[in-house]
Protein chains: 2
Amino acid sequence: MNVLIVFAHNESQSFNASMKNLAVEEFQARGHEVKVSDLYAMQWNPVASRDDFGSRANADYLVYALEQRHGYEKKTLAPDIQAELEKLEWADLVIFNFPVYWFSMPAILKGWVDRVLISGRCYGGMRFYDRGGLKGKKAMLAMTIGGQQHMLSGDGIHGELEDMLRPILRGTLGYTGMTVLPPFVAWHVPYIKPEQRADMLEQYRQRLRQIDSLVPLRFPSMDDFDDMLRPKAAHSETN
Amino acid sequence: MNVLIVFAHNESQSFNASMKNLAVEEFQARGHEVKVSDLYAMQWNPVASRDDFGSRANADYLVYALEQRHGYEKKTLAPDIQAELEKLEWADLVIFNFPVYWFSMPAILKGWVDRVLISGRCYGGMRFYDRGGLKGKKAMLAMTIGGQQHMLSGDGIHGELEDMLRPILRGTLGYTGMTVLPPFVAWHVPYIKPEQRADMLEQYRQRLRQIDSLVPLRFPSMDDFDDMLRPKAAHSETN
């Protein structure tokens, strides 16, 4: 298995970095190939802009997704995007390893999503969810959160974690057709004792060893929607 | 009223830019003060890093939120953050004007949230939701979306729009205590005719004229949770 770890933390000694290092060791020890995109170390540029395109379908008016399609077809995407796209093509499993900022990804990682998950390859032309362009690949979030687990549960103050992560789990990873594994969460990391952190790393190791047997999250099937993306049942009722 | 528009689009002729220009004119015509943070024009840096702090509480190990608190107290935050924070302090209403990327903000705008909504001022120390640090200010999203409205509805393929926007509406704006107005959405913008775009701009103008009478979204009250952030009712039942 080829594993890509997209890693985003601004402190090289962080718990996130320990998770990343553990995952590299663990996968390599089991005979897998691993590549790491360490976004802070790479000084990754997260800003989607006109500079991302070596040639333009429309030089006078930028529609970012349309230029992604053009750049992909003409192989004129910016070199940093192209390099990440090649890693993504290579990967069977992609792990996103990051600290939760505002119930979402840090901007440097959001900009990896914005710039690398390009229209024309990863989605587009009615290809999303179970017809998405990245079908066959697996994805998993591996995150740290400052809060405690009871704060992100059904009756917790912020509600269910998966509801907060919906635009990532469903709207991004599921949307591109990836098989989305349940997220791994290290809770309350800044506030716990070293022994508890060691326990959490061990839990992460166990999670990685179980990766082939995890039950993926479920998302809509395109089969249930018509060509206008209206629900098939509702459509037939109203016509 | 003081209005801050945080604007993020990479095409200066875009529909988003027209929305921004319209809002500036509309508010000024009604006697309000307006400031615009045009993130692309400013070449805003969205990456939360050690460079954001002129002095450090802990120079050896970066915990971003703790350094935000330190930098705020000592007035040593990076000048670009400080400048945005001053606009935020000044504002009674903040409008976030952006194209939806992956059911969320473009990275350049997410990085405004990550870097400007600092711990110690905007939240922290049990101050969030109705005790959040930005209580008294209003916020509204003004967005364009490539998809159509029926795709983001109860039985639509992506489910409810507000569920996809949850980490922004509730997890970010509501979390800081802001009064969150219903988002304004211009649907299917890249694919519609000029007359339809003109209609949408007119709808946006009407929305802005109604801003004082909009019913805000509702979020949890800290009064319903104990000091451990457990629900008070559930807590008393289980003890």
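- In the nomenclature of an unreviewed UniProt entry, chain A corresponds to NAD(P)H dehydrogenase from the organism Paraburkholderia monticola.
- What UniProt records for chain A under Sequence similarities (unreviewed entry) is the sentence "Belongs to the NAD(P)H dehydrogenase (quinone) family."

**Topic: the UniProt feature "domain: Flavodoxin-like fold" (unreviewed entry) in chain A**
Piece 1. Using the residue numbers shown here, the UniProt feature "domain: Flavodoxin-like fold" (unreviewed entry) corresponds to residues 1-208 of chain A.
Piece 2. Structurally, residues 1-208 of chain A comprises 37% helix and 16% strand, and the distance from its first C-alpha atom to its last is 13 Å.

**Describing the pairing of strand S3 (residues 93-99) of chain A**
Residues and elements named next belong to chain A.
Piece 1. Within S3, seven of the seven residues are buried, which leaves it mostly tucked inside the rest of the structure.
Piece 2. The alternating pattern of S3 places Leu93, Ile95, Asn97 and Pro99 on one face and Val94, Phe96 and Phe98 on the opposite face, and all of these are buried.
Piece 3. As judged from the five bridges shared by strand S1 (residues 2-7) and S3, these two strands associate in the parallel manner. Paired with Ile5 across the bridge in S3 is Ile95.
Piece 4. Pairing geometry for S3 and strand S4 (residues 138-145), over seven bridges, is parallel. Across the sheet, Val94 pairs through a bridge with Ala139, a residue of S4.
Piece 5. For the segment spanning S3, helix H4 (residues 107-116) and S4, crossover handedness is right-handed.

**Considering the interface of chain B and chain A**
Often, the extent of an interface is quoted as the loss of accessible area upon association of its parts.
Piece 1. Contact residues are listed per partner, giving 59 residues for chain B and 59 residues for chain A.
Piece 2. Surface buried jointly by chain B and chain A totals about 4,800 Å² across both partners, of which 61% is contributed by carbon and sulfur atoms.
Piece 3. Viewed at the interface, chain A and chain B are joined by two salt bridges.
Piece 4. Between Arg50(A) and Glu11(B) there is a salt bridge, with its nearest N and O atoms 3.5 Å apart.
Piece 5. Contributing elements (two or more residues each) for the side of chain B that touches chain A: helix H2 (64-74), helix H4 (107-116), helix H5 (161-164) and helix H6 (166-174) of chain B.
Piece 6. Broken down by element, the residue count for the side of chain B that touches chain A peaks at six residues, all from H4(B).
Piece 7. In terms of residue class, the side of chain B that touches chain A is built from 33 nonpolar, 14 polar and 12 charged.

**Details of the packing of aromatic side chains**
Piece 1. Counted by the stated rule, this structure contains 22 aromatic pairs over all chains.
Piece 2. When the ring of Tyr123(A) is compared with that of Tyr175(A), the centres are 5.5 Å apart and the planes differ by 65°; the resulting orientation is edge-to-face. One end of the pair, Tyr123(A), is in the loop between H4 and S4; the other, Tyr175(A), is in the loop between helix H6 (166-174) and strand S5 (179-180), and 52 residues separate them in sequence.
Piece 3. Taking relative accessible area as the criterion, Tyr123(A) reaches 15% and is therefore assigned buried.
Piece 4. An aromatic cluster of at least three residues, connected via ring pairs, comprises Trp102(A), Phe103(A), Tyr123(B), Phe128(B), Tyr129(B) and Tyr175(B).
Piece 5. The ring of Phe7(A) carries the charged tip of Lys20(A) above its face, separated from the ring centre by 5.0 Å.
Piece 6. The ring of Trp90(A) is capped by Lys35(A), whose NZ or CZ atom sits 4.4 Å from the centre of that ring.

**Details of helix H3 (residues 79-90) of chain A**
All names here are of chain A.
Piece 1. Along its 12 residues, H3 runs 17 Å from first to last C-alpha, staying within 8% of the 16 Å computed at 1.5 Å per residue.
Piece 2. Every buried residue of H3 is listed here: Ile81, Glu84, Leu85, Lys87 and Leu88. Considered in projection along H3, the buried side chains sweep an arc of 160° and stay on one side of the axis.
Piece 3. Packing partners of the buried residues in H3 comprise S1, strand S2 (33-38), helix H2 (64-74), S3 and H4.

Cut-offs and rules
Residues numbered from 1 in each chain as written. Chains lettered and ligands numbered in written order. Predicted model: local features only at pLDDT ≥ 70, side-chain atom pairs only at ≥ 80, totals over all residues. Heavy atoms only, no water. UniProt positions renumbered as here; feature names shortened; annotations may be inferred. Helix = DSSP H or I, 4+ residues; strand = E, 2+ residues; numbered from the N terminus. Buried < 20%, exposed > 50% of the residue type's maximum accessible area, 1.4 Å probe, protein only. Pairing = 2+ DSSP bridges. Right-handed = clockwise from strand over helix to strand, strands pointing away. Contact = heavy atoms within 4.5 Å. Buried area = accessible area lost by both parts, 1.4 Å probe. Salt bridge = Lys/Arg side-chain N within 4 Å of Asp/Glu carboxyl O. Nonpolar A, V, L, I, M, F, W, Y, C, P; charged D, E, K, R; others polar. Phe/Tyr/Trp six-rings, centres within 6.5 Å; stacked < 30°, edge-to-face > 60°. Lys NZ or Arg CZ within 6 Å of the ring centre and 35° of its normal. Expected span 1.5 Å × (residues − 1). Arc of directions from axis to C-beta.

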